[in-house]
Amino acid sequence: MREALRLAKYGRGKTSPNPLVGAVVVRNNRIIGRGCHRGPGKPHAEVIAIDSSAKPKGSTLYVTLEPCVHYGRTPPCVDKIIEEELKKVIISVIDPNPCVSGKGIEKLKGAGISVECGLLEKEAKRLNEFYFKHITTKLPFVILKVALTLDGKIADANRESKWISCEASRKFTHRLRSEVDGVVVGIETVLKDDPNLTSRAKRNPLRIVLDSNLRIPPNAKILNEEAKTVIVTTVKKKSDHQTWVVGKNRQGRVNLSEFLKVAGKFSLNSILVEGGAEVFTSFLKERLVDKVLLFISPKILANGLPFVKNIGIEHLKDAINLTKVSYKRIGKDLLIEGYL
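Notes on the structure in this doc start here. All of these numbers come straight from a predicted model, not from anything done at the bench.

What counts and what doesn't
Residues numbered from 1 in each chain as written. Predicted model: local features only at pLDDT ≥ 70, side-chain atom pairs only at ≥ 80, totals over all residues. Heavy atoms only, no water. Buried < 20%, exposed > 50% of the residue type's maximum accessible area, 1.4 Å probe, protein only. Helix = DSSP H or I, 4+ residues; strand = E, 2+ residues; numbered from the N terminus. Core = buried A, V, L, I, M, F, W, Y, C linked by side-chain atoms within 4.5 Å. Contact = heavy atoms within 4.5 Å. Expected span 1.5 Å × (residues − 1).

1. As for the pairing of strand β10 (residues 229-233)
Part 1: Burial within β10 is extensive, with 5 of its 5 residues counted as buried.
Part 2: Of the two faces of β10, the one carrying Thr229, Ile231 and Thr233 and the one carrying Val230 and Val232 are both buried.

Okay, here's the thing in structure tokens:
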């Protein structure tokens, strides 16, 4: 199953809105077939693994997610498993999609195939945290990514932020961008930094600008043709660019909850929030973040722009606590990852 999970990771940045899935076929305790899902409309991992096996009949299939039982862009994987007469299927986690959930297992058992569930379930759920969030809530999984100094600053007193993080951290960020569906910044970041927000990797995410009053300059880099861009605004005004019009919050800015609902309707499984301080503050204040990635650089500014402002917390007992926290050294920086 660990091999199946490893294979599934090859689909990162390619399968959305579908899940990441890996599969291996085993006979006599030897792997005789491997497969992973590569994208919507392409063969599923189970089918690839079975087709790569010389003689799959009577073998065991290990798969990271419950095999599908419905017709979508491809035929049901369950039918392929039954047709090839596999004797056993071991599944990491049940698919929460109502079209599949439990039905694939039921059909397999009905065909006389032995089924086991729950092997490395925790790892499988984390692998597909984007998909699980979207399929169960219709909302994207929200990652808040911040590069900051030891004393919590994301820019100096002149709002200069290039570069707080090291080159290795920036490479990590480019890879992360290629794995999410959308990357979000506020209009102030566009006006000050004029970011491109593309990825050095092969895939670019949808670039999203939160711009309540459509102040974005026509020559902003984020509007170039290197990747698609959408402007989220509160005003109905003719624009040369794609816009999503949503309601205002109490401060007259983009209503973030409405924005996330629209993003979910456009099949965005995940978004990466990259700045700036006002946007970070709003997402945290409204508790709309699922995961936080903090790239902490060994620098001290003292006088500078804090990454988060007032979010209404006055007492330590009310502080936002991260769970499932992990630490990783990246170049000269420390990456802290945690869930809200």
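Moving on from the model shown.
2. A few points about the nonpolar core
Part 1: In terms of nonpolar packing, the biggest core is built from 35 residues, with Leu144, Leu210, Phe259, Phe283 and Phe307 touching the most fellow members.
Part 2: Sorting elements by how many residues they give to this core places helix α10 (residues 277-285) first, with 5 residues.
Part 3: In this structure Phe259 touches Val184, Ile208, Leu210, Val232, Trp244, Val246, Val254, Ile271 and Phe283, once residues within four positions along its chain are discounted.
Part 4: Leu5, Leu86, Ile91 and Ile113 belong to the second largest nonpolar core, which has 32 residues in total.

3. Some thoughts on helix α7 (residues 167-179)
Part 1: An ideal rise of 1.5 Å per residue puts 18 Å on 13 residues; α7 measures up with 19 Å between its terminal C-alpha atoms.
Part 2: Buried within α7 we find Ser169, Arg170, Phe172, Thr173, His174, Leu176, Arg177 and Ser178.
Part 3: Summarising the contacts, the buried residues of α7 are in contact with β6 (141-149), β12 (270-275), β13 (291-297), β15 (323-330) and β16 (333-339).

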